[in-house]
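Notes for the structure review
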Amino acid sequence: IPARLLPQGVGAVRAIKYLSDTKKGIKEPNDYLVVDIGFNTVDIIFVYDKVIQRGKISEANSFEKRGAISIAEMMRKHLGATFAREISLKEALPIITHGVYRLRGEEHDLSKVVAGFKEEYTKEIMAFLELKYGNEFDKMEKICFVGGGGYFIDPAYAKHIQVFEQSEYYNAIGNLVF
């Protein structure tokens, strides 16, 4: 059986197409960016007229140290300053996801802190995309955030931001239906 490798994010585009055909509530835009946020990297896929722009799939559109690691670092620093505790970046992610820090059996509600981090992270990512892609960015109907880091995006930041439930599975779904 011949194998094909698909770059990060391509599977997510295919999932958006598939789910827009089969599931209410998801509509594929004509022109959009897929921003696939992993733990360390952010990978960008351009879609014009619902077609992946293969010529733009390259390392030039993959960015290290811009993924969920950024918001995890915010939480790590916050816990150090607030509770005088050190945690790993990986340990920070469930705290961000659930908004609760458990220390010695006591739960600390950090949902307001997390909301602030999400807003800050969203501003950082959107400013980066604006700086990097300028004119192309203006033409996009939607900026679709997928991957595990999609949960850390604040959709209220701008009307053209789209996030999805269970977006960490979009690459797998798209690769399966490919």
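Residues numbered from 1 in each chain as written. Predicted model: local features only at pLDDT ≥ 70, side-chain atom pairs only at ≥ 80, totals over all residues. Heavy atoms only, no water.

1. What to know about the packing of aromatic side chains
Two numbers describe a pair of aromatic rings. These are the distance of the centres and the angle of the planes. Inspection of every chain in the model, using the stated rule, returns five aromatic pairs. Ring centres of phenylalanine 46 and tyrosine 133 lie 5.1 Å apart, and the angle between their planes is 80°; on these two criteria the pair is classed as edge-to-face. Of the two residues, phenylalanine 46 is situated in strand S2 (residues 41-48) and tyrosine 133 in helix H4 (residues 111-138); the sequence distance between them amounts to 87 residues. Both residues of the pair, phenylalanine 46 and tyrosine 133, belong to the buried class. Both rings, one in phenylalanine 83 and one in tyrosine 101, keep their centres 5.1 Å apart while their planes meet at 55°; by these two values the pair is tilted. In this pair, phenylalanine 83 is assigned in helix H2 (residues 69-83) and tyrosine 101 in strand S5 (residues 100-103), connecting sequence segments 18 residues apart. (Phe/Tyr/Trp six-rings, centres within 6.5 Å; stacked < 30°, edge-to-face > 60°. Helix = DSSP H or I, 4+ residues; strand = E, 2+ residues; numbered from the N terminus. Buried < 20%, exposed > 50% of the residue type's maximum accessible area, 1.4 Å probe, protein only.)

2. Comments concerning the packing of H2 against helix H3 (residues 89-98)
Packed helices, taken two at a time, are described by the angle their axes make and the gap between the axes. Between H2 and H3, the least distance of the axes is 8 Å, while the angle of their chain directions is 90°. Judged by the inter-axis angle, H2 sits roughly perpendicular to H3. Where H2 approaches H3, its residues Ile69, Ile71, Ala72, Glu73, Met75, Arg76 and Leu79 are matched on the opposing element by Leu89, Ala92, Leu93, Ile95 and Ile96. Its residues placed into classes, the contact of H2 with H3 shows ten nonpolar, no polar and two charged. (Axes fitted to C-alpha atoms, helices over the stretch in contact; angles between N-to-C directions. Parallel < 35°, antiparallel > 145°, perpendicular 65-115°, else oblique. Contact = heavy atoms within 4.5 Å. Nonpolar A, V, L, I, M, F, W, Y, C, P; charged D, E, K, R; others polar.)

3. Observations regarding helix H5 (residues 170-177)
Buried within H5 we find Tyr170, Asn171 and Gly174. End-on view of H5: buried residues confined to an arc of 100°, all on one side of the axis. Away from its buried face by more than 90 degrees, H5 exposes Ala172 and Leu176. (Arc of directions from axis to C-beta.)

4. Notes on the nonpolar core
Counting 39 residues, the largest nonpolar core has Val35, Ile44, Met75, Tyr121, Leu129, Ile143 and Phe145 as the members making the most contacts within it. Looking at this core, the elements that each hand over two or more residues are strand S1 (32-37), S2, H2, H3, S5, H4 and strand S7 (142-146). Sorting elements by how many residues they give to this core places H4 first, with nine residues. With residues up to four places along the chain from it excluded, the contact list for phenylalanine 145 reads Val35, Ile37, Ile125, Met126, Leu129, Gly150, Ile153, Ile161, Gln162, Val163, Phe164 and Ser167. Among the nonpolar cores identified, the runner-up in size contains 16 residues, and Val10, Ala12, Ile26 and Val146 belong to it. (Core = buried A, V, L, I, M, F, W, Y, C linked by side-chain atoms within 4.5 Å.)

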